[in-house]
Structures are given as C-alpha cells and as structure tokens.
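Results of the structural survey
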Amino acid sequence: MATCSECKKFFPLEEDRKRGDCVQRVIDPRQAYYQAKPVTADKDAAKCPSFEKR
Amino acid sequence: MAATAETVKELEKKQEWWWAAEKKRSRRLDYLRKAMWKKGAIGGLYPAGLQIDLERPVMQTEKAKELESSADPYVIKFAKMLAHVLDNKTIFITDRSQLVGYLGSAPNMITWDPTLAAILNHEVFNDPDSLPQPLDESLKVIRDVTNYWGGKSDLDKILPHMDLGDVMKVLSGAIGWGVPLGRGGYSGKDYEYIMTGVRAFEDIIEELDRRIDEADARSHRFDASREISDLIDKINNWEAMKITLEAGIRHARRYARLARIIAENFESDAVRREELVRVAETCERVPAKPPRTLQESLQYDLFIQLFSRNEAIEGAWPARPDFYHGPYYERDVNIRKTLTREEALDLVGEFLIRAAEVSQYKPKWAREGLQGIEGTWVWTLGGVKKDGSDACNGMTIALLQAARLVRVANPTFAFRWHPKVSDEVMRECFECIRQGLGYPSMRNDPVLVANAMHWHGHPIEEARLWVHQACMSPSPATKHGFQPMRMANATANCAKIIEYVFTSGYDHVVNLQIGAETPPVETLETYEQFFDAWVTQMKTIFTILVRPVNRARILAPKLTPRPFLSAVSERSVESGLDVLEPSISRGNAWITAFTWVENIDSLAAVKKLVFEEKKYTMAELKEALLNNWEGREEMRLDFVRNAPKWGNDDDYVDSIMLDCLKAASEFSHEIKCPSGNNWPILPENVSGNIHYANIVGALPNGRRLGDALYDGGISPGPGLDKKGPTAVLKSCSKIDHVTNGRAFLLNQRLSPTQLSGEKGYQLWKTYMKTWADLGIDHVQFNCVSDETLRSAQRDPEKYQEVIVRVAGYSAHFVDISRKTQDNIIQRTVQGL
C-alpha cells in the first residue's frame, strides 16, 4: 500500500516525521500557487490522484 | 510595466483610468490584481468560478463531535474548534505574492461557517450553482453538516431567550435586515492595544498566563464569595483566549514553512527565492512578536483580520492603515531606506488586494444589499493624532496612490479631513475621486470628533482615534471606545415609517401588523396630528429593531463568545470578561436609517397638497397609495412635480427634515444600549434603495411600489435637486451634524470633464472649503460620465474595471444590478 511518506509531495515536519504537509502546485484560471495540506506519513495514498513516487 | 509615457498619457486623456493603471503598475501588482478572484455577488448570486468551501465546515463539525463528551465549557470548546481549523486548513502562497493568508482553502473559495445560523446553512443547501462538483457528494457533506448544527447554531441558542414577536418582525425583512448575533456584523478592534508595536501575541500570552496563575491561586484560598466564584468563568475565558493566540502563531508558522519549502524545492528564480525567505521570516516573526518592518506590519494586520474572520462573519473592516502602518513605512522608506517607494507601493497595493479577496458566505439578502462587494471595507485615512495634530504621513499617500494602481472596489477609503491637511494629501484624495474610484469619501473630522463626544461621551483623546466601524459610523479604536460587534439588524427601512402612517402600521407587503396602530389616516385633521402619527411609527420601528440587538448583546458573552477578539482587546485581557460583555464597553451603537429622505419629501407633499392647498383629501391619497397610484397618474405627477423636494435650499421642506431629525434624535437619547449609552440615527443606504424597492409600498412623494428608492442618507432624490450643488450643501448645512444624528451620507455626482486639470482641482477645493465651512460631516463623489456608464451597460465586457460609488461603498459598475446602475445614472451631475 502506497503511503504519503513515499510521495514526492510529502514534506515531513522536522520535529515529528510522522506528520507533514502535502505540497502541490496548482494553476487555476486566474493564478498559480503552491498549496499545503497537513497529512500523516502513513496515510493511504493508493487512491490519491496526485501521488508521485519519491 | 513597459509602457510608453505617451500611451499612458493618451489613456488618461481619454479618462480610461483603468487601462492607464494597468500600464502604470509593476509587473507584480499587475499579476496579483489579475490573479484576484472578485467575490462580490452580482444580483445576489456569486460570480461564476467561485465555490463554497466545504473544508472548514467539515473540520468544525468533526471537532465539535469530538468535543461533545469533553467537560470543557463552551468558550473553550469554541476556541479549540477555531484552533483546529487554523492548524489543519489548506493554505496556499500565490506566485509573486509577498503577503499571505486567506480564509478559504483555495483562492476561489468562499468560506461558510455552519455554527452561526441554521437558516444560513439551509441557504447553502439551496445554492447549487456555488457548490463544488460532483454535486451529489457536496450535497451529502452539506446535509451532514447542516443536520449536525441544527439546534446547535448560535441563532438556535439565542432565539429561545428573545422576544419572538420582535424577532419575527425583524426577520420579515420589511423594516430592517439582519439577525442579532454576536458573531455576525461589524467588529471594531482595539487597535490602540494591538497595533501600536508595543505588544504582540506572545506578550499577551505571557499576560494571560500571569492572570490565570493569580486567579487560580486566589480561587483556592480560604475564601468564598461571588467574586471568587466568577474567577472560574474568567479563567475559562483567559484559557480560551490563549488557545486562539497560540493557534494564530502556529498558523503563521505554517506559512513560513510552506514559503521555505517552495524556496528550497521548487523555485528556480533567485530573486523570488529571496522573497520567499523574507515571507518565511515575516511569518516566523508575526503575529508572535511585534512587527519591525512595513512588510511585517502589514502581514501582522492581515493575520489579525483573518483570525477574527475565522471567528465571526464580519461584514465590515474597520481600520486605519496609514495611522498604524505609517511609522513602519516612514522607517523603511525614509529613515533606513531598506525599501524604495516603488517597493513599498507594491506591498501596499498587495495589501489592498489581499483584503479585496476576503470572502465569507452570506445570506442572499445581505448579498443583494451589498451588490458587487463582499462587505463594507471602509478604511479610515488621515485625521488627527491623540493630541490633535495632523496624522497624515507617507503611508497615507502610498495608500491613495496604490488604490489608483490596483483599482479594487473594496476596500475603499474614507478620508478624515481637518484644517491642517496638506495640499499634497488633498491632491492625492482628489486624484482618486477624479479617476472615478468613488473614494475616498470625505469626512469632516472636527465635526465628527465633537459628534463622538456628544453622542457617546468618548473623551476627546479617544474620539480623535476614531475609525469607520462600517460605511459611515465613527468608533474610537480604544480600550473602552471600540464596539466589538454592531449587529446589522439595527438597520431601519425608514420609508416604512411614512408608509405605516397610511396603513395604521399594517404591512401590506408582508401581511403583518408591524407598526403602531395609529388612527386611520383619513381621520387626522391637521398636519400636526399627521406628524405625530409619523413620530409614533418612527419610535415603534426603531424600538422593534433595537430591542433584539440589546438582548443578543446581553446574551452574547455566554452563548456566542469571541475568544480571539477578546484576546486582542485590552479590556478583556485585563478583566477576563468576553469582549462582547456590555459592562466593559462605553457603547457606540447607532441605528442605520435607510430610505430616510422619502419621509421628508412625503411629509412635505402631504402638508402642501392635502393640508394647505386642499387639492386632495387624505382619503383620496390613502386610496391612491393602496392602489399603487393606478389610475391616478396625473395626481401622482402632481405629488412629484408640485411639492417641494429636499436638497434645493427650500426652507419649507428643509424645516420638515429638521423636525424629523429632532424627533428622532430626542428618541435616540431615550433608548439605550446595554452599556447604557445612546442609539443615535445615521441616515445612509448601501444598496438598500434597490433591495427595498419591492418591499416599500407607494409613497406620497410620488414613488410607486417597485420604483428604486432614493440613494440614501441625506442625498436628495435622483434628479430632484434642481438648484445646483450649493443649494444641496445649504440644505444639508441646516442639519446640526453634531447633535441631530451620528452621521449623514451625502452622494454627489460631478462632471469628469469639469474636474480635469489644475482648474478641476481648484474648483473641487473651493467646493470642499464650502462643504467644510458649512459643517457637513460627509460627502462622496461619483465622477464617471453618463457616456461611459451607458457604454458599460451596452458593452459590459469592455468596461469590467469601471468603478462607481453606490452608497457607503464602491463597486464595479458591471457587478451591480441594472436598477442600481440606472439609479446612479439618474443622479444629478452637479456643475461646480
């Protein structure tokens, strides 16, 4: 089972590597930005459409 | 931007200010301005592309469920819910931006707070055009969230403690709007506590810890009293405040981390990498510690505003950005020279954009009443310092210049004019007006300082620190002076006063007895009796609107607390009481008087045509009004054309205005807010004149049901001020702008051709001198030609950026309804 920790977009917290942020590039019709959403390292990423193997 | 000076000049000559601005602003500002998602509703509906954000309501609901079995008191549970959102919501950093923070999980998202009112949640459910796809999944989420909060929302909690008769009349939508909620309305802030650079969140946390320890020790001594018992509530409040401040610091640091991740992993441009590191350093510094630079100061302010809006729906943005950010601008630009003027302008322009994109889901009536904008972000500029000296600074000018570059409709500015304002600053104000922004509105500072002292007893040093709490009303940003919540339902649709005189208080539009049962109008034999009936209806309507606000304010500290706003308010940090507690506030309430002048013109028409000339009987008039003037067009035109109208320096009708204001202001001293202070009236409209068009029946000024009402405040009816701008000012000057009410909105249209060049400035300056000498407290201008506005109606795509002054706010012309557009075009263009 793929987990978030195996993804290129996962950036673990220094103080607790079991938690981190999923950081993604988004381009909407008006602007481009980077977004971050808190996730846990062991979260199941099997169905994540933006999963990219590290 | 690489634009030739010639091109810009040409565009300016053609008065195509929006295209000229596009060419004059920096590449960064141009990108950020175009990147912005406009949030203002059009015709009550959100523009295409915007979506209701479901992330936050799901988080709030999850946390609320988790806390159900907790022994925490509500205020702490609420603080934990807020912290949970700040710790977990999706954050983002837009390319080229230097300031960060947004309420939603993406730039096009409108946040929805399900904890406020079940009726709001049902509106979300029935707003499928704004829901994320797939619709079925969104509806399922909304159903779960809405079901959970049914019976638990703030409104559900306070309603059993209210007079339901009053509430029903308010919610009928006929005489006012809004709901009485402590977390919904216009929130003032204690800027003197939080924005002077003396302290920031860590300092307050230290203070809270000390107070908690002291109270805890005291409450466990060999002692028992009411005071000791109350310490439990205070400790809980302090704990809740601390939770929100700590969450705020963590939230900022999430942005710092994201900025560093982008800089270290994704960004290839060295200059942008440096910017991102600066963003990270800024968010590591503020709001934990006081700002040191302009960027930190702006970011600090932005965080405070966003945290406060995470806690409540705030329909206004009281602020004084030049006063509080000015010292940092001065230090960075003029003393240390760490920023060039252009770099500072980039930051200031971006600050306006960040504010412009803030959005919270609001009910449809609010969207209709605030066409084209999200809320009334009226920022206060200029004015005086505590000691009475001129407060204008480099930041005042930077804000006025940045506004012309980014041309957002919201925030707008209101400028506190006083006799010591420099010519340089006045020219900057004029440029904004001439370039069609519709702002700044001009406020007469000496008059309004005196007014604040008269109505609410603010000491002069505090009165001098006033900011606009919403469109118009001044409120000092001080410990006891600021008002933490002004609930919008103390907003009177005043045209109903005269309407109810003819119906004995029965509202034929909503089929409800709302007003007083005054005698049948045809039995009134004299004008004096008729006027007495008007006074009775006025008192009845004002009372119905004010009572629920008072009640909700008394209930608020326990049922709908605001721990974050308390945490940034000296009086709450000091006392341990919630910021909404009336006993620690001096009080600064006001009744917004929409559709006021219709009363004056109607009373004048009845006095002249019915009582004096006896051309018509009262029974005839009553019947004509009940039938919406049908079959009586000639009679209607008589009431339009042959009765005196306000705004023409005609003592006949102007004296009626004074009689009405005298009656209202006397009553304002009788009704009290829970802090024991007065409820003065404040005539103004937002888009209320259009919103109420189908709610107000036919009136004796010749208006039919469905016709737009006047544009508000003490502005004459559109096209009815026929004797020129000086006559308008003279009529307005007969009002005592200190003692007759809290403030009086005056719209004027000026000709852009006449205002061109140096001659235009001198003409305007002379006009402003007359205005100031006459002691009028407010004036705002539309300065866009009929030709441009009509072209924009024909070809809206080409005129997307044309801005107009609607009432106490500006909006993009294409974003307001056709009826409002026509109403603005109908306003008299005054030749100076």
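Residues numbered from 1 in each chain as written. Chains lettered and ligands numbered in written order. Predicted model: local features only at pLDDT ≥ 70, side-chain atom pairs only at ≥ 80, totals over all residues. Heavy atoms only, no water.

1. Side note on the overall build of chain A
- Tallying secondary structure elements over chain A gives zero helices and three strands in all.
- Across chain A, helices and strands are ordered from the amino to the carboxyl terminus as β-β-β.
- For chain A, the C-alpha atoms occupy an extent of roughly 35 × 25 × 15 Å along the three principal directions.
- Counting every position in chain A, which comprises 54 residues, the buried fraction comes to 43%.
- Taking as baseline every contact in chain A between residues at least 6 positions apart, the subset at least 24 positions apart corresponds to 46%.
- Working note: accessible area of chain A is about 3,500 Å², and carbon and sulfur atoms make up 52% of it.
- In chain A, 12 positive and 9 negative side-chain charges are present, and the distance between their average locations comes to 4 Å. (Helix = DSSP H or I, 4+ residues; strand = E, 2+ residues; numbered from the N terminus. Buried < 20%, exposed > 50% of the residue type's maximum accessible area, 1.4 Å probe, protein only. Contact = heavy atoms within 4.5 Å. Areas by Shrake-Rupley, 256 points an atom, 1.4 Å probe, with all protein chains shown as cover. Lys, Arg positive; Asp, Glu negative; His and termini not counted. Charge placed at Lys NZ, Arg CZ, Asp CG, Glu CD.)

2. Examining helix H20 (residues 445-456) of chain B
All names here are of chain B.
- Between the first and last C-alpha of H20 there are 16 Å, a value that for twelve residues agrees with the 16 Å anticipated at 1.5 Å per step.
- Close packing links the buried residues of H20 with strand S7 (412-417), strand S8 (441-444), helix H21 (460-463), strand S9 (466-468), strand S10 (474-476) and helix H29 (651-670).
- Just downstream of H20, Gly457 is the residue with a positive phi angle, here 65°. (Expected span 1.5 Å × (residues − 1).)

3. Re the sheet that holds strand S6 (residues 378-382) of chain B
Residue and element names in this part refer to chain B.
- With respect to topology, six strands assemble into an open sheet ordered S6-S7-S8-S17-S16-S20, the strand pairing being mixed. Every interior strand has two partners, whereas the edge strands, S6 and strand S20 (829-830), have only one.
- Two elements, S8 and strand S17 (residues 778-782), share two bridges in a ladder whose sense is antiparallel. Bridge pairing links Arg443 to His778 in S17. (Pairing = 2+ DSSP bridges.)

4. Description of the packing of helix H26 (residues 597-612) of chain B against H29 of chain B
All names here are of chain B.
- Relative to each other, H26 and H29 sit at 120°, their axes nearing to 9 Å. The angle between the axes of H26 and H29 places the two elements in the oblique class. Helix-helix and strand crossings are classified by hand; for H26 and H29 the assignment is right-handed. Residues Val597, Ile600, Asp601, Leu603, Ala604, Lys607, Lys608 and Glu612 of H26 pack against Tyr652, Val653, Ile656, Met657 and Cys660 of H29.
- In terms of residue class, the contact of H26 with H29 is made up of nine nonpolar, no polar and four charged. (Axes fitted to C-alpha atoms, helices over the stretch in contact; angles between N-to-C directions. Parallel < 35°, antiparallel > 145°, perpendicular 65-115°, else oblique. Left-handed = near helix turned anticlockwise from the far one by under 90°. Nonpolar A, V, L, I, M, F, W, Y, C, P; charged D, E, K, R; others polar.)

5. Looking at the domain arrangement of chain B
All names here are of chain B.
- Domain boundaries in chain B define domain 1 (1-35) and domain 2 (185-194 + 303-486 + 555-596 + 654-689 + 697-832).
- Facing the twelve residues of domain 1 at the interface are 22 residues of domain 2.
- Considering only the surface of domain 1 that becomes buried against domain 2, Trp17, Trp18 and Arg33 emerge as the three largest contributors, covering 46% of it.
- Scanning the region where domain 1 abuts domain 2 turns up two salt bridges.
- On the surface where domain 1 and domain 2 come into contact, there are seven residue pairs in polar contact (both at pLDDT 80 or more).
- Those elements that place two or more of their residues in the side of domain 1 that touches domain 2 are helix H2 (17-24) and helix H3 (27-35).
- No other element matches H2, which puts five residues into the side of domain 1 that touches domain 2.
- Grouping the amino acids of the side of domain 1 that touches domain 2 by side-chain chemistry returns six nonpolar, two polar and four charged. (Domains from an automatic or database assignment. Buried area = accessible area lost by both parts, 1.4 Å probe. Salt bridge = Lys/Arg side-chain N within 4 Å of Asp/Glu carboxyl O. Polar contact = N/O pair within 3.5 Å; in protein donor to acceptor, adjacent residues only side chain to side chain.)

6. What to know about the interface of chain A and chain B
- The partner chain B presents 26 residues to the 18 residues of chain A that form the contact.
- In total, about 1,800 Å² of surface goes out of reach between chain A and chain B, with carbon and sulfur atoms giving 52% of it.
- Its largest share of buried area at the contact with chain B, chain A owes to Arg30, Gln31 and Tyr34 of chain A, together 37% of the area lost on that side.
- The tally of links between chain A and chain B comes to three salt bridges.
- Where Lys37 of chain A meets Glu55 of chain B, a salt bridge forms, and the shortest distance between an N and an O atom there is 3.2 Å.
- Counting across the chain A and chain B interface gives twelve residue pairs in polar contact (both at pLDDT 80 or more).
- Listed by contribution, the elements that provide at least two residues to the side of chain A that touches chain B are strand S1 (10-12), strand S2 (19-27) and strand S3 (32-40) of chain A.
- At seven residues, the largest contribution of residues to the side of chain A that touches chain B is made by S3 of chain A.
- Inspection of the sheet shows S3 of chain A paired to strand S2 (residues 91-94) of chain B by four bridges, in the antiparallel sense.

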